[in-house]
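Letter by letter, the chains look like this.
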Amino acid sequence: MKQTVHDAIVIGSGPAGYTAAIYLGRAGYAPLVIAGALTPGGQLMNTTEVENFPGFPKAVLGPDLMNQMREQAEHFGAQIEYDDVVSVDLSGDIKRITTDGGEEYQTRAVVITTGSQYRKLEIPGEREFSGRGVSYCATCDGFFFKNKPIVVVGGGDSAMSDADFLTRFGSSVTLIHRRQGFRASKIMVDRAKANDKISFLLDSVVTRINGDGSGVTSLDVRNTATGQQSNIPANGVFVAIGFTPQTAFFNGQVDLDQDGYILVKGGSTKTSVPGVFAAGDVTDKIYRQAISAAGMGCRAALDAQEYLTSLDNR
Ligand SMILES: Cc1cc2nc3c(=O)[nH]c(=O)nc-3n(C[C@H](O)[C@H](O)[C@H](O)COP(=O)(O)OP(=O)(O)OC[C@H]3O[C@@H](n4cnc5c(N)ncnc54)[C@H](O)[C@@H]3O)c2cc1C
């Protein structure tokens, strides 16, 4: 039996993936979206109120926003499969995509929007209080901790910039880092040190996040040099220990940067492979926002459409 060759397959179903699917659908390409089996809808499915996505003056719940994006994509003809991609063959004009469920799909264009996953502390209380005091996104959640004690965990540029940003909201900001030295650039460290609302707890690791029905109340901390235990009050804990872009299954077939993010050419969404485009957090380690991911999903769909047109005119 002859297999269907899709015009476009979108891998991932966060804001970038669904936006790409809406544009490709409206353009008549009936995209197939391979949405992921575990977290279809992406990172916003794990949050409550999203207050900074334009068009929702009274905020919108993350899962509601993503369900509406899915419905909009389906309305314009997107077909959605809730499965994980496990391998790809991106060589040639017809790309092959294999899923965990054992299906092999063929397509002329691919839009990769698999996002990135924040690294976790993996300590007691982290999962329990996630979204109730534990956050992985200062830009998204800082506002919820006005005049409350905040802790930032990490020693890289993100941790420094988060700590600096969070001083706008918190009654205090304590940066906890497991070593004395920082991975962050000197300028970021100097800026954080010059901010008298930030205090530093170095050679220290958080061992437990404590709380009650109202959310996080304190953290247990161990000094890695002396072994001494302490307890510090905190209502917001921002974990800034890095992200892992979801690119392992491309197995070297698209060019990645040293941290595993997909490289795109210039201001476009074109990857190193013709016919393969990337958008959202999987290629963006700076902005990491729903609206920036959605905007890039739009651009990837337009780049894919131009590519498909050029194939048709060959
Ligand atoms: C707790 C939390 C709160 C946030 N709050 C806000 C906020 O208030 N405002 C804001 O603008 N941003 C917020 N963000 C950031 C925002 O969620 C991300 O920037 C945005 O979701 C990125 O969109 P994306 O489409 O690039 O990727 P993601 O949303 O990460 O989606 C990736 C998709 O890829 C799929 N996928 C991954 N691997 C595979 C595979 N192998 N096969 C198939 N599918 C796969 C996943 O299932 C998922 O559907 C928040 C993030 C978090 C974690």
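Values in this document were obtained by computation on a predicted structure and should not be read as measured data.

One way to put it is that helix 4 (residues 157-166) packs onto helix 5 (residues 186-194) with a least axis distance of 9 Å and a crossing angle of 30 degrees. Classified by the angle their axes make, helix 4 and helix 5 are roughly parallel. Along this stretch, helix 4 crosses helix 5, giving a crossing that reads as left-handed. Only Met-188, Val-189, Arg-191 and Ala-192 of helix 5 make contact with helix 4, whose side of the interface consists of Asp-157, Met-160, Ser-161 and Asp-164.

What follows covers unusual backbone geometry. In the Ramachandran plot, Asp-203 falls in the positive-phi region, its phi being about 50 degrees despite a non-glycine side chain. Within the secondary structure layout, Asp-203 lies in the loop between strand 13 (198-201) and strand 14 (204-212). Its relative accessible area of 18% is what places Asp-203 among the buried residues. The residue Asn-251 is not glycine, and still its phi comes out positive at about 50 degrees. Relative to the assigned elements, Asn-251 resides in the loop between strand 18 (243-245) and strand 19 (276-278).

Now for the nonpolar core. Membership of the largest hydrophobic core comes to 35 residues, with the highest contact counts inside it found for Tyr-18, Leu-24, Val-33, Phe-53 and Val-111. Elements supplying a minimum of two residues to this core: strand 1 (5-11), helix 1 (15-26), helix 2 (62-75), strand 8 (104-112) and helix 6 (290-312). Ranked by the residues each element gives to this core, the list is headed by helix 6, at 10 residues. For Phe-53, the contacting residues outside a window of four places in its chain are Leu-65, Met-69, Ala-290, Ile-291 and Ala-294. Among the nonpolar cores identified, the runner-up in size contains 20 residues, and Val-152, Met-188, Ile-198 and Leu-202 belong to it.

This part is about the domain arrangement of the protein chain. One can read the domain layout of the protein chain as domain 1 (5-117 + 243-312) and domain 2 (120-239). Each of domain 1 and domain 2 was reduced to a C-alpha centroid, and the two centroids are 32 Å apart. Facing the five residues of domain 1 at the interface are six residues of domain 2. Run the count over domain 1 and domain 2 and you get zero salt bridges.

Moving on, we get to helix 1. Its 12 residues place the ends of helix 1 16 Å apart at the C-alpha level, agreeing with the 16 Å of an ideal helix rising 1.5 Å per residue. Here helix 1 lies mainly inside the structure; 10 of its 12 residues are buried. For helix 1, the set of buried residues is Pro-15, Ala-16, Gly-17, Tyr-18, Thr-19, Ala-20, Ala-21, Ile-22, Leu-24 and Gly-25. Here the buried face of helix 1 lies against strand 1, strand 2 (32-34), helix 2, strand 5 (79-81), strand 8 and helix 6. Just downstream of helix 1 lies Gly-28, where phi reads positive at about 90 degrees.

Contacts to the ligand come from 32 residues, most closely from Gln-43, Asn-52, Val-85, Asp-281 and Ala-290. Separating an oxygen atom of the ligand from a backbone N or O atom of Ala-16 is a distance of 2.9 Å. Gly-36 places a main-chain nitrogen or oxygen 3.5 Å from a nitrogen atom of the ligand. Within the residue set of the shell around the ligand, elements represented by two or more residues are helix 1 and helix 6. Here the shell around the ligand is built from residues that sort into 13 nonpolar, 15 polar and four charged.

Counted according to the given criterion, the structure contains one disulfide. Each sulfur of the disulfide joining Cys-137 and Cys-140 lies 2.0 Å from the other. Here the disulfide of Cys-137 and Cys-140 is right-handed, its torsion about the S-S bond being about 60 degrees. Taking relative accessible area as the criterion, Cys-137 reaches 18% and is therefore assigned buried. Using a relative accessible area of 30% as the deciding quantity, one classes Cys-140 as partly exposed.

With eight bridges joining them, strand 14 and strand 15 (residues 215-223) adopt antiparallel strand pairing. Residue pairing in the sheet places Asn-210 in a bridge with Ser-218 of strand 15. Counting the residues in the hairpin turn of strand 14 and strand 15 gives two residues.

Parameters at a glance
- Residues numbered from 1 in each chain as written.
- Predicted model: local features only at pLDDT ≥ 70, side-chain atom pairs only at ≥ 80, totals over all residues.
- Heavy atoms only, no water.
- Axes fitted to C-alpha atoms, helices over the stretch in contact; angles between N-to-C directions.
- Helix = DSSP H or I, 4+ residues; strand = E, 2+ residues; numbered from the N terminus.
- Parallel < 35°, antiparallel > 145°, perpendicular 65-115°, else oblique.
- Left-handed = near helix turned anticlockwise from the far one by under 90°.
- Contact = heavy atoms within 4.5 Å.
- Buried < 20%, exposed > 50% of the residue type's maximum accessible area, 1.4 Å probe, protein only.
- Core = buried A, V, L, I, M, F, W, Y, C linked by side-chain atoms within 4.5 Å.
- Domains from an automatic or database assignment.
- Salt bridge = Lys/Arg side-chain N within 4 Å of Asp/Glu carboxyl O.
- Expected span 1.5 Å × (residues − 1).
- Near = heavy atom within 4 Å.
- Polar contact = N/O pair within 3.5 Å; in protein donor to acceptor, adjacent residues only side chain to side chain.
- Nonpolar A, V, L, I, M, F, W, Y, C, P; charged D, E, K, R; others polar.
- Disulfide = S-S within 2.5 Å.
- Pairing = 2+ DSSP bridges.

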